[in-house]
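Each chain is listed here by its residues.
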Amino acid sequence: MIEFFNAYIWDLIWTLLKIFAVIVPLLIAVAYLTLAERRIIGFMQLRKGPNVVGPFGLLQPFADALKLLSKETILPSGASKTVFVIAPMLTFVLSLVAWAVIPFGEGLVIADVNIGILYLFAISSLGVYGVIMAGWASNSKYPFLGAMRSAAQMISYEVSLGLVIITVIMAAGSLNLSDIVRAQQGLWFCIPLFPMFVIFFISTLAETNRAPFDLPEGESELVAGYFVEYSSMSFALFFLGEYANMILMSGMTTTLFLGGWLPPFDVPILNAIPGVVWFALKTALVLFVFLWVRATTPRYRYDQLMRLGWKIFLPFTLFFVVLVGGVLLGFGLLP
């Protein structure tokens, strides 16, 4: 009994260490993604961006965090206070727990479960609850309109995301994310499934409420959308949740279409580089495209957003699922 208890304690400690090994670098990445976004967009618009706090502006995220921590947390008198406080926490926590099944390298994953892709899809679908709770609990028309927009938008594009993921599952023959990466040895799925890769990336922009699909927080109509009543650290949690979701979606894109931890070519010099480095570089590249799109594209109208999701992406992804299934069945490649 004592030996079993000791083994359980050591297992628990080891799991906690793995969780901290993922969450701490992720939080640092989120902090510096906010700086990278402002710097990159600044350069694209021929200006410098933040460059005063610390050398090259590298301490700017810490200055932002200190500013938000020192501000007063304001609870609107008409708000449903419990739901109002829980909403940003839920958004932030959901953006972190999804990383449990993302493989960073061969064997480097917190939980290598056989239904990892279903877990990812379930967690990303739950993200809409934090937004709806924030909009409803604020008891104000602008947050409520922003929350309704976000709910409709996320549900619309999750349909396309699900169909895209089905094509990846058929090509890999597994729901395990590590097996999906191994199936891309020699040929990443972004090449044979290129149309699905493009639709998946555009859908992740809509899923994370990023430009040009940032209608839930459209300043010109809704002031700041669903978090207009939030301040201090409650606002910061929404902010961190959005950027953590960006990194999560980039990690999913890397895992499903860009070979995960695999190098681009099977040569000794590239194989010598650790898989974690390849995963980080590919994720950073996808994140750069996220920022590039924001700097160069105007915001969609809401009717255009819905038409794209339901009248273009949905029929196309349905057709491509049938096409991929037919090709794999015809050539005897289905597992």
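In case you missed it, the structure is sitting above this.
Below you will find a few notes about this structure.

Parameters at a glance
Residues numbered from 1 in each chain as written. Predicted model: local features only at pLDDT ≥ 70, side-chain atom pairs only at ≥ 80, totals over all residues. Heavy atoms only, no water. Core = buried A, V, L, I, M, F, W, Y, C linked by side-chain atoms within 4.5 Å. Buried < 20%, exposed > 50% of the residue type's maximum accessible area, 1.4 Å probe, protein only. Helix = DSSP H or I, 4+ residues; strand = E, 2+ residues; numbered from the N terminus. Contact = heavy atoms within 4.5 Å. Phe/Tyr/Trp six-rings, centres within 6.5 Å; stacked < 30°, edge-to-face > 60°. Axes fitted to C-alpha atoms, helices over the stretch in contact; angles between N-to-C directions. Parallel < 35°, antiparallel > 145°, perpendicular 65-115°, else oblique. Nonpolar A, V, L, I, M, F, W, Y, C, P; charged D, E, K, R; others polar. Salt bridge = Lys/Arg side-chain N within 4 Å of Asp/Glu carboxyl O. Expected span 1.5 Å × (residues − 1).

1. With respect to the nonpolar core
Across soluble globular proteins, nonpolar side chains have a tendency to be buried as a group.
Turning to step 1, where the next piece is worked out: Among the nonpolar cores identified, the biggest contains 67 residues, and Trp99, Leu120, Leu193, Phe200, Leu256 and Phe257 are the most heavily contacted of them.
Turning to step 2, where the next piece is worked out: Per-element accounting of this core gives the leading share, 10 residues, to helix H9 (residues 232-257).
Turning to step 3, where the next piece is worked out: Residues within four places of Leu193 in sequence aside, it is in contact with Thr167, Val168, Ala171, Phe257, Phe320 and Val324.

2. A closer look at the packing of aromatic side chains
Turning to step 1, where the next piece is worked out: The full count for this structure, using the stated rule, is 16 aromatic pairs.
Turning to step 2, where the next piece is worked out: Plain terms: the ring middles of Tyr157 and Phe313 are 6.1 Å apart, the flat faces sit at 85° to each other, and that makes the pair edge-to-face. You can see Tyr157 sitting in helix H5 (residues 141-172) and its partner Phe313 sitting in helix H12 (residues 302-330), a full 156 residues away along the chain.
Turning to step 3, where the next piece is worked out: Cluster of aromatic residues (ring-pair linked, three or more members): Tyr157, Phe213, Tyr300 and Phe313.

3. Some words on the packing of helix H4 (residues 116-137) against H5
Turning to step 1, where the next piece is worked out: Here H4 crosses H5 at 175°, and the two axes come no closer than 8 Å. Here H5 runs roughly antiparallel to H4, going by the angle between their axes. Here Ile117, Phe121, Ser124, Ser125, Gly127, Val128, Val131, Ile132, Gly135 and Trp136 of H4 come into contact with H5, specifically with Pro143, Phe144, Ala147, Met148, Ser150, Ala151, Met154, Glu158, Leu161, Gly162, Ile165 and Ile169.
Turning to step 2, where the next piece is worked out: Taken together, the residues of the contact of H4 with H5 sort by class into 15 nonpolar, 6 polar and 1 charged.

4. A closer look at the pattern of salt bridges
Turning to step 1, where the next piece is worked out: Summed over all chains, the structure comprises 9 salt bridges.
Turning to step 2, where the next piece is worked out: Put simply, Asp214 and Arg299 hold a salt bridge, and the shortest N to O gap is 2.9 Å. Of this pair, Asp214 sits in the loop between helix H7 (194-207) and helix H8 (219-222) while Arg299 is found in the loop between helix H11 (275-296) and H12, placing the two residues 85 residues apart along the sequence.
Turning to step 3, where the next piece is worked out: The exposure class assigned to Arg299 is partly exposed, which follows from its relative accessible area of 29%.

5. A short note on H7
For an α-helix the count is 3.6 residues per turn, leaving residues at separations of three or four pointing the same way.
Turning to step 1, where the next piece is worked out: Over its 14 residues, H7 extends 20 Å from the first C-alpha to the last, a length consistent with the 20 Å expected when each residue adds 1.5 Å.
Turning to step 2, where the next piece is worked out: H7 sits mainly inside the fold: 10 of its 14 residues count as buried.
Turning to step 3, where the next piece is worked out: Listing the buried residues of H7 in full gives Met196, Phe197, Ile199, Phe200, Phe201, Ser203, Thr204, Leu205, Ala206 and Glu207.
Turning to step 4, where the next piece is worked out: Buried residues belonging to H7 abut H4, H5, H9, H11 and H12.
Turning to step 5, where the next piece is worked out: Two residues or fewer past H7, Asn209 is found with a positive phi of approximately 60°.

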